[in-house]
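Close look at the chain arrangement
Residue-level listing of the chains:
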Amino acid sequence: MEKFTTLTSMVVPLSIENVDTDQIIPARFLKATDRLGFGENLFRDWRYHKDGNLNPEFTLNNPNYSGSILVAGNNFGCGSSREHAAWALADYGFKVVVSSFFADIFKGNALNNGILPIQVRPDFLKALLKQISQNPKTQVKIDLVAQSISVLKTTLEANFDIDPYKKTCMINGYDDIDYLISLKDTIETFESQNT
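Notes on the structure in this doc start here. This one's a predicted model, so the numbers in the text were calculated from it and none came from an experiment. Here the residue numbering is sequential within each chain, running from 1 through the sequence in written order. With pLDDT at 70 or above as the cut-off, local features in this predicted model cover only qualifying residues; side-chain atom pairs require 80 or more to be listed or tallied, and sums for whole chains, interfaces and linings still use all residues. Only hydrogens and water are removed before side-chain values are computed, so all heavy atoms of the structure are retained for them.

This paragraph deals with the packing of aromatic side chains. Only rings of Phe, Tyr and Trp enter the pairing, Trp through its six-membered ring, and a pair is recorded when the two centres are within 6.5 Å. The plane angle decides the type: under 30 degrees is stacked, over 60 is edge-to-face, the rest tilted. As enumerated under the stated definition, the model contains 10 aromatic pairs in all. Between Phe-38 and Trp-87, the aromatic rings sit 5.7 Å apart at their centres with planes inclined by 55°, giving tilted as the arrangement. Of this pair, Phe-38 sits in the loop between helix H1 (21–24) and helix H2 (44–47) while Trp-87 is found in helix H3 (residues 84–92), placing the two residues 49 residues apart along the sequence. For each residue, the accessible area found with a 1.4 Å probe, counting protein chains only, is set against the maximum for its type, and the residue is called buried under 20%, exposed over 50%, and partly exposed in between. Phe-38 sits in the buried class, given a relative accessible area of 3%. Here a set of aromatic residues connected by ring pairs shows up, and it is made of Phe-43, Trp-46 and Phe-58. Just above the ring of Tyr-48 sits the side chain of Arg-44; from NZ or CZ to the centre is 4.1 Å. To qualify as a helix, a DSSP run of H or I must reach at least 4 residues; to qualify as a strand, a run of E must reach at least 2; elements of each kind are numbered from the N terminus. Here, a charge over a ring is recorded when the distance from Lys NZ or Arg CZ to the ring centre is within 6 Å and its angle to the ring normal is within 35 degrees.

Right, let's get into the nonpolar core. In these notes, a set of buried Ala, Val, Leu, Ile, Met, Phe, Trp, Tyr and Cys residues joined through side-chain atoms within 4.5 Å is what counts as a nonpolar core. Within the largest apolar cluster, 52 residues are counted, with the highest numbers of intra-cluster contacts made by Phe-43, Phe-76, Leu-89, Val-98, Leu-116, Ile-142 and Ile-149. Whether two residues are in contact is decided by their heavy atoms, any of which lying within 4.5 Å being enough. Among all residues touching Ile-149, those that are not within four sequence positions of it are Val-98, Ile-118, Val-120, Phe-124, Leu-128, Val-140, Lys-141, Ile-142, Leu-156, Glu-157, Ala-158 and Phe-160.

Okay, the side chain of Lys-166 next. Its location among the elements puts Lys-166 in helix H6 (residues 164–172). Other than its neighbours up to four places away in sequence, Lys-166 contacts Leu-111, Asn-112 and Asp-176.

Bringing the sheet that holds strand E6 (residues 148–151) into the picture now. Here, strands pair whenever DSSP counts at least two bridges between them. If you walk across this open sheet you meet the 7 strands as E4-E3-E2-E1-E5-E6-E7, and the pairing is mixed. If you trace the sheet from one side to the other, it starts and ends with strand E4 (116–119) and strand E7 (157–159), each paired once. Direction aside, the axes of adjacent strands within the sheet are offset by 25° on average. In terms of strand pairing, strand E5 (residues 139–143) meets E6 through 4 bridges, oriented antiparallel. Paired with Asp-143 across the two strands is Ser-148, which belongs to E6. What counts as an axis is a line fitted to C-alpha atoms, over the stretch in contact for a helix, and the angles between N-to-C directions run from 0 to 180 degrees.

In this section: the packing of H3 against helix H4 (residues 104–112). The geometry of H3 relative to H4 is characterised by a closest axis approach of 8 Å and an angle of 45° between their N-to-C directions. As judged from the angle between their axes, H3 and H4 are oblique. In this structure, the crossing between H3 and H4 has a hand that is right-handed. From H3, Ala-85, Ala-86 and Leu-89 reach across to H4, where they touch Phe-106, Asn-109 and Ala-110. Gly counts as polar in this scheme, as do all residues outside two lists: the nonpolar Ala, Val, Leu, Ile, Met, Phe, Trp, Tyr, Cys and Pro, and the charged Asp, Glu, Lys and Arg. Grouping the constituent residues of the contact of H3 with H4 by class yields 5 nonpolar, 1 polar and no charged. Throughout this description, any angle smaller than 35 degrees is read as roughly parallel, any larger than 145 degrees as roughly antiparallel, any in the 65 to 115 degree range as roughly perpendicular, and the remainder as oblique. Here a crossing is taken to be left-handed if its near helix is turned anticlockwise relative to the far helix by less than a right angle, and right-handed if that turn runs clockwise.

What follows is about the side chain of Thr-138. Tracing the sequence through the fold places Thr-138 in the loop between helix H5 (122–134) and E5. Thr-138 gets classed as buried once you look at its relative accessible area, which sits at 2%. Pairs of N or O atoms are called polar contacts if they sit within 3.5 Å, as long as, within protein, a hydrogen donor faces a hydrogen acceptor (for residues adjacent in sequence, only side-chain-to-side-chain pairs). For Thr-138, the side chain forms a polar contact with the side chain of Gln-131, separated by 3.5 Å. Within the local environment of Thr-138, its side chain forms a polar contact with the backbone oxygen of Asn-135, the two atoms lying 2.6 Å apart. Leaving out residues up to four positions away in the same chain, Thr-138 has contacts with Ser-9, Met-10, Val-11, Gln-131, Ile-132 and Val-151.

And the structure:
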């Protein structure tokens, strides 16, 4: 995984509540076990009309919005536990998803795939979505070390919680195995002292 400490980016708003994993990546696209290529079908049934043409009204197709931060409505990632949802978001280029609530399994899958799920208060999310609607070029700064999210050129700022272990992994670019390898010297010292 890539190391993650800070990120400043424009944002893509998705002010839809209760977005489930089948809407993130429909089940008919789950035929591969490789993580690559899922991004082209992210939100497939919303991004495209049934005839295969782009839906210009959907936010990801709106040229006014871009960036590696997705700002979603409440209860993002509910439904089935498919890890492919996190794969699709990462393959599309999202590094952060902001919502006022995440399904637990989706949250874990996101963190395991290098995507930072930031849970904020509902009033902060509402203010952030309003700011983006008023200015599509809004930039947001994420500071994982300080566990803060702020909107540049405004007073909007909030802190967020993250599991300390997952924070360490993201800052260092570790997956679970990398983390254990990073403790090799400590483990060997412990073993030598207790044999």
